[in-house]
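Okay, here's what each chain looks like letter by letter:
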Amino acid sequence: MPEVVFSVDQARSMREQSVPGHNRWHPDIPAAATVRPGAEFRVECREWTDGQIGNNDSANDVRDVDLAPCHMLSGPIAVEGAEPGDLLVVDILDLGPVPQATGSAPGEGWGYTGIFSKQNGGGFLTDQFPDAYKAIWDFHGQQATSRHMPGVRFTGITHPGLFGTAPSADLLARWNAREQALIDTDPDRVPPLALPPLPEGVLAGTLTGEALAKVGAEGARTVPPRENGGNHDIKNLTRGSRVFYPVHTPGALLSGGDLHFSQGDGEITFCGAIEMGGFIDFHVDLIKGGMEKYGVTTNPVFMPGNVEPRYSEFMTFIGISVDHGTNTNYYNDATVAFRNACLNAIEYLKSFGYSGEQAYLLLGAAPIEGRVSGVVDIPNACCSLYLPTAIFDFDIRPTAEGPRRADRGRCAVSS
């Protein structure tokens, strides 16, 4: 096993760890460990809400989750010799839930998928599903099942939702300026257009006092992906992947977490993957001056690994950029098109007895494929959603006999 450079006791919050992690992006957060180029090492991670979600049959915890301390990240890990303008080469060697453990923390034999309420961030379909819901998934090696989703079993594609390097002070200021400008266009919107810096709940490693207050006042929230990487939620960034992160600060300062047992493209419920704590093993190296050499300046690039579920048959659902309820056309709007593809898949699954909320949770958690199929055939963009048929223990293909409707249970709901 590689050396553990950031350890986590799953019975304790991130704040209570011997070396705490952090929940904001800021260049002043000190390194928790230092490694050399060529090193292989392990980083242990808490689940992204730091254990606010329980293994139960109520979605009240999802409804009431406090987003101020999220995401809880492990790190930063400094890499010797890394300088602004370099590319940090990160190989994902292995990752998974907490090894040899069953317990109350996500990742200890189980994980969850949540639909966030509209008042607390919402999801991709928040206008159609404004309330909080949840599904608990049990891990069986590489496969997952759920008491809230009878008739479904699939192989996960385990991956980190969030990893990145620290921003420079200048880059951080640019993030804050542009996101505040976006917020100012509709400051009362629910859910908000973006999340500005928030002193409440800030954690910045070992920083205290004025240094911690500075991070709280300036630090970028971890919800979106940005130039440093961040919350990409790319399911194919799994074992065997190689990521090339832009370096903006001395040491690169690699941090991350938000581990997922599985996820569908888009993570459409907001908390749409199977969320867990666990571990991730890395190998790191440097390409000196790599940002300029390869033109990698605004976002990381990566090479996907070759470990993924092998599903060969799909039911595919199509969406176009039209609001069918109001008969309104949107010009080449891929967001509207993919939303319609998701809604079409949900309506189809309801014909077999699943509720709309169960179907929505499933599309967030299972390894579905989402694709932009066309953006040139004006006025309609076309997106498609590929749902593996083999994840069900009954036939979901259309037949002359009609769908096999049955009692499919229910997901966890909020009171």
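Residues numbered from 1 in each chain as written. Predicted model: local features only at pLDDT ≥ 70, side-chain atom pairs only at ≥ 80, totals over all residues. Heavy atoms only, no water.

Named according to an unreviewed UniProt entry, the protein is Acetamidase/formamidase family protein originating from Actinomadura fulvescens.

### Brief notes about the overall build of the protein
Summing up its helical and strand segments, the protein has 6 helices and 23 strands in all. Against the compact-globule benchmark of 22 Å for 415 residues, the protein has a radius of gyration of 21 Å, which places it among compact chains. Projected onto the principal axes, the alpha-carbon positions of the protein cover approximately 65 × 50 × 40 Å. Residue pairs in contact within the protein that sit at least 24 positions apart in sequence constitute 79% of those at least 6 positions apart. (Helix = DSSP H or I, 4+ residues; strand = E, 2+ residues; numbered from the N terminus. Rg over C-alpha atoms; globule rule 2.2 N^0.38 Å. Contact = heavy atoms within 4.5 Å.)

### What about the nonpolar core?
Ranked by internal contacts, the top residues of the largest apolar core, which has 75 residues, are Leu 88, Trp 137, Phe 154, Leu 362, Leu 385, Leu 387 and Phe 392. The element best represented in this core is helix α5 (residues 334-350), accounting for 8 residues. In contact with Leu 387, not counting residues within four places along its chain, are Glu 313, Phe 314, Met 315, Phe 317, Leu 349, Leu 363, Ile 368, Phe 392 and Ile 396. In terms of nonpolar packing, the next biggest core, distinct from the first, is built from 12 residues, Val 65, Tyr 112, Ala 132 and Cys 271 among them. (Core = buried A, V, L, I, M, F, W, Y, C linked by side-chain atoms within 4.5 Å. Buried < 20%, exposed > 50% of the residue type's maximum accessible area, 1.4 Å probe, protein only.)

### Concerning the pairing of strand β6 (residues 110-115)
Within β6, 6 of the 6 residues are buried, which leaves the element mostly enclosed by the surrounding structure. Across the two faces of β6 the burial is the same, with Trp 110, Tyr 112 and Gly 114 and Gly 111, Thr 113 and Ile 115 all buried. Direction of pairing for β6 relative to strand β7 (residues 133-140): antiparallel, over a ladder of 6 bridges. Directly across from Ile 115, in β7, lies its bridge partner Tyr 133. One ladder, built from 3 bridges, connects β6 with strand β15 (residues 270-276); its direction is antiparallel. (Pairing = 2+ DSSP bridges.)

### Overview of the packing of aromatic side chains
Here the structure, examined in full by the defined rule, presents 16 aromatic pairs. With a centroid separation of 6.4 Å and 45° between ring planes, the pair formed by Trp 48 and Phe 270 is classed as tilted. In this pair, Trp 48 sits in the loop between β3 (40-45) and α1 (60-63) while Phe 270 sits in strand β15, placing the two residues 222 residues apart along the sequence. An angle of 40° between the planes, with centres 5.9 Å apart, marks the rings of Phe 124 and Phe 338 as tilted. Taken together, the residues Phe 124 in the loop between β6 and β7 and Phe 338 in helix α5 connect sequence positions 214 residues apart. A relative accessible area of 23% places Phe 124 in the partly exposed class. Clustering of aromatic rings is evident, with ring pairs tying together Phe 317, Tyr 348, Phe 352, Tyr 354, Phe 392 and Phe 394. The ring of Tyr 386 is capped by Arg 371, whose NZ or CZ atom sits 4.0 Å from the centre of that ring. The cationic tip of Arg 408 hangs over the ring face of Tyr 354; the distance from NZ or CZ to the ring centre is 5.6 Å. (Phe/Tyr/Trp six-rings, centres within 6.5 Å; stacked < 30°, edge-to-face > 60°. Lys NZ or Arg CZ within 6 Å of the ring centre and 35° of its normal.)

### Section: the state of the cysteines
Scanning the model with the defined rule gives 0 disulfides in all. Looking at Cys 342, it has no disulfide partner, and the nearest cysteine sulfur is the one in Cys 383, 9.0 Å off. Cys 383 forms no disulfide, and the closest cysteine sulfur to it belongs to Cys 382, at a distance of 6.8 Å. (Disulfide = S-S within 2.5 Å.)

### Section: the pattern of salt bridges
Applying the stated rule across the entire model yields 20 salt bridges. Here Arg 226 makes a salt bridge to Glu 179, at a shortest N to O gap of 2.7 Å. Taken together, the positions of Arg 226 in strand β11 (residues 225-226) and Glu 179 in helix α2 (residues 169-184) put the pair 47 residues apart, joining distant regions of the chain. Judged on exposure class, the residue Arg 226 and its partner Glu 179 are both buried. Here Arg 397 ties to Asp 395 by a salt bridge, and the two come within 3.0 Å at their closest N and O atoms. Ionic contacts of the salt-bridge type, sharing partners, join the residues Glu 83, Asp 86 and Lys 288 into one network. (Salt bridge = Lys/Arg side-chain N within 4 Å of Asp/Glu carboxyl O.)

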